[in-house]
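So you can see what is in the structure, the chains are spelled out below.
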Amino acid sequence: MKILIPCFLCLHTALAQVSNNSLPAIVKKTNGSYSFLVDGKPFIVLGAQLWNSSAWPSVLEKTWPQLKELGCNTLEAPVYWQNIEPEPGKYNFKELDYLVNGARKQGLRLILLWFASFKNGSSQYPPEWVLTQPSRYPRMKNSGGEEMLILSTVAQANIDADKKAFAAMMRHLKETDGNQHTVIMVQVQNEAGSLGTDRDYSEAAENIFKKKVPVELTQSLKAKDGTWKESFGPQAAEIFSAWHLAKYINDVALAGKKEYDLPMYVNAWPREHGFQRPGEYPSGGPVSTMLDIWKLAAPSIALIAVDIYLGNYSTFNDLCKKYNRPDNPLFIPEMGKGPDFARNQFYALGNYNAIGVATYGIDPFHADPNDERNKERLDDKFAYFKDNYRLLKGALEKIAELQGSGKLQAVTEDYGLREQVVQAGNYDILFSYGYPTYKANKSLLTGRALIGQLAEDEFLIIGFDTKFQIKPRYDSGFSAAEFIIVEEGYYEKEKWIQTRIWNGDEVWHSTLTPEGVILKIKLRKTKKNPGAPLKANFE
Ligand code: DGJ
């Protein structure tokens, strides 16, 4: 995989080096943010993830139309080790082939989720022949000495078994999809870690825990040399777990990449809820406080993603900030449903350069007795995602281009948040919410917009249910902004397609509609009588 092409002058130079049929890759742009290149072009995942037990032909057959209705460009689907290798060394790719062929037919890209040694802080997905032989495939023990349904990360037999199966799957993928790139990325395990124990207390793990910490780790964390306890004190258990888990998963990823070099990532069950203690969330997983350790121990992992089910503004933004780092692009492979998350997608893309966002539980075949979903059509909870994806697709390449340039921002309505002003170049743009005033359900907070600066006096505003007013900056020496032209339209690849021009009443109201709209706005700053009050455009 071509991660981090280090020294190119700009993204376009990088693109010139990456031909149309080159492998999907995550590359660093000169502005320090990242681009996910698919068939040589920047790609933003507008995704949806299946429920855990839904990557089967019987479910997918009924789900394809709903994915079409949603308008996602990528499906995230699990691949189960227990189904891929029902007997040691005997592989079954029937369901995987159906999935890949089906997605290709639908014009969808796929992200495969390797549900194998670890899934949600436990080990439910290894095949029967692994789970029934703990003496051969050792389990973790908790501090009370009880064996857990979690494979031990210090057991080479576990690593080897997972590696072998994963490598076989990647080999098969290369043979069947190596030219088409329907599969663009692979998640190695799912929310890995140990739930219910801060670390492995099995005899084998205890022996390692009593030994000295590897020097590369103490050096990198600037910790003193010694045993795990001596070096890391109260954090020793979690750091021990993170180090061994990251190395385990790195080994698996590397074995797969040797067969077929797709970008690989891991996803975190974040620690930012409850008492925030390891074991309450999967200990050793790539949580925000363990990222440096993961980066050191897992160099074959292109990025560490974060699953976000907490829709409140502050936690969502906090997590985006923590995972959008110079050494890590933000990707949110799972998030909740409903308008809060649909709004938050704008923050992820506009303020934190996310290479992708996806909502979880898209198909209506979750075997949940409380799930009253209509099985025949897309659930209403996804209506806002459907709107987002339809609108964002009209400017996706432009958004990808603007990410990381400092010329892209997001605003969204929120509880108690009636307005936001953003500084964009020499202008202040004030967004106010609660519009349009005829909005039937005012308690649904749907206002959301991306603001891109295309040139000194030219802006792109993409969004829903928000009024905008523009003034030159207070200290710019100008007092008012004239709309020279306000075009509604969309991009077809690089080309802007104008569908109409807004003027008169539409410009007077300057309100983004409930269906969503992309506006390209050209402004002119004017200097009025210096004593006159400063007015926004629409007054
Ligand atoms: C997060 C996990 O990653 C998913 O696989 C799923 O279990 C959801 N939680 C909850 O439904």
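Bringing the environment of Thr-176 into the picture now. As for its position among the elements, Thr-176 is in helix H6 (residues 156-177). When its relative accessible area of 32% is taken as the criterion, Thr-176 is described as partly exposed. As a C-alpha pair, Thr-176 and Gly-285 span 109 residues in sequence and 32 Å in three-dimensional space. Those residues in contact with Thr-176 that sit more than four places away from it in its chain are Asp-97 and Arg-104. A polar contact is formed between the side chain of Thr-176 and the backbone oxygen of His-172, at a distance of 2.8 Å.

Attention now moves to the packing of aromatic side chains. Per the stated rule, a full pass over the model turns up 24 aromatic pairs. Measuring from centroid to centroid gives 5.3 Å for Trp-114 and Phe-166, while their planes differ by 45 degrees, and the two rings are tilted. With a gap of 52 residues between them, Trp-114 in strand E6 (residues 109-119) and Phe-166 in helix H6 connect regions that are remote in the sequence. A single burial state applies to Trp-114 and to Phe-166, both of which are buried. An aromatic cluster is present here, built from Trp-56, Tyr-80, Phe-115 and Tyr-125 joined pairwise through their rings. Of note, Arg-199 hangs over the ring of Phe-209, and the distance from its end group to the ring centre comes to 3.6 Å. In this structure, Lys-525 is placed above the aromatic ring of Phe-478, and the distance from its NZ or CZ to the ring centre is 5.6 Å.

Another aspect to go through is the site of the ligand. Lining the immediate environment of the ligand, one finds Trp-51, Asn-52, Lys-119, Asn-120, Asn-190, Glu-191, Asp-307, Tyr-309, Glu-334 and Tyr-360. Here Lys-119 contributes a side-chain N or O atom positioned 3.1 Å from an oxygen atom of the ligand. In this structure, an oxygen atom belonging to the ligand sits 2.7 Å away from a side-chain N or O atom of Glu-334. About the coverage of the ligand: the protein hides 78% of its 300 Å² of free accessible area. Split by residue class, the shell around the ligand holds three nonpolar, three polar and four charged.

If you trace the six strands from one edge of the open sheet to the other, you get E14-E17-E18-E23-E20-E21, paired in antiparallel fashion. This sheet does not close on itself; its edge strands, each paired only once, are strand E14 (408-412) and strand E21 (495-502). Across the sheet, the mean angle from the axis of one strand to that of its neighbour is 30 degrees, orientation sign disregarded. Two elements, E14 and strand E17 (residues 448-455), share five bridges in a ladder whose sense is antiparallel. Pairing of Ala-410 across the sheet is with Leu-450, part of E17.

What follows concerns the packing of helix H12 (residues 313-323) against helix H13 (residues 338-351). How two helices pack is summed up by the angle between their axes together with the distance between the axes. Look at H12 against H13: their axes get within 10 Å of each other, and the N-to-C directions meet at 30 degrees. One element, H12, and the other, H13, form an angle in the roughly parallel class. The handedness of the crossing between H12 and H13 is right-handed. Contacts from Tyr-313, Phe-316, Asn-317 and Cys-320 of H12 reach H13 at Asn-344, Tyr-347 and Ala-348. Of the residues in the contact of H12 with H13, the class split is five nonpolar, two polar and no charged.

Once that is clear, we can look at empty space enclosed by the protein. Counted according to the given criterion, the structure contains three cavities of 30 Å³ or more. Roughly 70 Å³ of internal volume is contained in the largest cavity. Along the walls of the largest cavity sit Ala-55, Pro-78, Val-79, Tyr-80, Asn-83, Glu-95, Leu-96 and Leu-99, which together make up its complete lining. At the level of secondary structure, the elements contributing two or more residues to the lining of the largest cavity comprise strand E5 (74-80) and helix H4 (94-105). Its residues placed into classes, the lining of the largest cavity shows six nonpolar, one polar and one charged. Taken as a whole, the second largest cavity encloses approximately 50 Å³ of empty space. Along the walls of the second largest cavity sit Met-140, Thr-153, Gly-193, Ser-194, Arg-199, Asp-200, Phe-240, Ser-241, His-244, Leu-245 and Ser-283, which together make up its complete lining. Looking at the lining of the second largest cavity, the element that brings in the most residues is helix H10 (residues 236-259), giving four residues. For the lining of the second largest cavity, the class distribution of residues is three nonpolar, six polar and two charged.

For E5, a buried count of seven out of seven residues is recorded, marking the element as mostly surrounded by other parts of the structure. Here E5 shows two buried faces, one formed by Thr-74, Glu-76, Pro-78 and Tyr-80 and the other by Leu-75, Ala-77 and Val-79. Judged from the three bridges that link them, strand E4 (residues 45-49) and E5 form a sheet pairing that is parallel. Bridge assignment links Gln-49 to a residue of E5, and that residue is Glu-76. At this point the chain moves from E4, through helix H2 (residues 57-70), to the parallel E5, and the crossover so formed is right-handed.

What follows concerns the nonpolar core. Leu-75, Trp-114, Trp-228 and Trp-294 are the most contacted members of the largest nonpolar core, which totals 134 residues. Take this core: its biggest share by element is eleven residues, from H10. Residues Val-422, Trp-502, Val-517 and Ile-521 belong to the second largest nonpolar core, which totals 23 residues.

Under the defined criterion, the tally for this structure stands at 24 salt bridges. The shortest N-O distance in the salt bridge between Glu-69 and Lys-386 comes to 3.6 Å. A residue pair is termed long-range when its members are at least 10 positions apart, and Glu-69 in helix H2 and Lys-386 in helix H14 (residues 383-392) qualify at 317 residues. Taking relative accessible area as the criterion, Lys-386 reaches 31% and is therefore assigned partly exposed. A salt bridge links Arg-473 to Asp-475; the nearest nitrogen and oxygen atoms lie 3.7 Å apart. Overall, Asp-475 belongs to the exposed group, its relative accessible area being 57%.

It is worth spelling out the layout of surface pockets at this point. Of the voids in this model, the largest pocket is the one considered here, and its volume is about 440 Å³. When residues of the lining of the largest pocket are traced back to their parent elements, those giving at least two are strand E3 (41-42), helix H15 (396-402) and strand E20 (480-492). For the lining of the largest pocket, a count of residues per class yields nine nonpolar, two polar and seven charged.

Criteria and cut-off values
Residues numbered from 1 in each chain as written. Predicted model: local features only at pLDDT ≥ 70, side-chain atom pairs only at ≥ 80, totals over all residues. Heavy atoms only, no water. Helix = DSSP H or I, 4+ residues; strand = E, 2+ residues; numbered from the N terminus. Buried < 20%, exposed > 50% of the residue type's maximum accessible area, 1.4 Å probe, protein only. Contact = heavy atoms within 4.5 Å. Polar contact = N/O pair within 3.5 Å; in protein donor to acceptor, adjacent residues only side chain to side chain. Phe/Tyr/Trp six-rings, centres within 6.5 Å; stacked < 30°, edge-to-face > 60°. Lys NZ or Arg CZ within 6 Å of the ring centre and 35° of its normal. Near = heavy atom within 4 Å. Areas by Shrake-Rupley, 256 points an atom, 1.4 Å probe, with all protein chains shown as cover. Nonpolar A, V, L, I, M, F, W, Y, C, P; charged D, E, K, R; others polar. Pairing = 2+ DSSP bridges. Axes fitted to C-alpha atoms, helices over the stretch in contact; angles between N-to-C directions. Parallel < 35°, antiparallel > 145°, perpendicular 65-115°, else oblique. Left-handed = near helix turned anticlockwise from the far one by under 90°. 1 Å grid on protein atoms, 1.4 Å probe; cavity = no way out; pocket = protein on both sides within 12 Å on 5 of 7 lines; lining within 4 Å. Points joined across faces, edges and corners; volume = space filled by probe spheres on them. Right-handed = clockwise from strand over helix to strand, strands pointing away. Core = buried A, V, L, I, M, F, W, Y, C linked by side-chain atoms within 4.5 Å. Salt bridge = Lys/Arg side-chain N within 4 Å of Asp/Glu carboxyl O.

Honestly, that's just the spatial picture; any functional story needs more than this.
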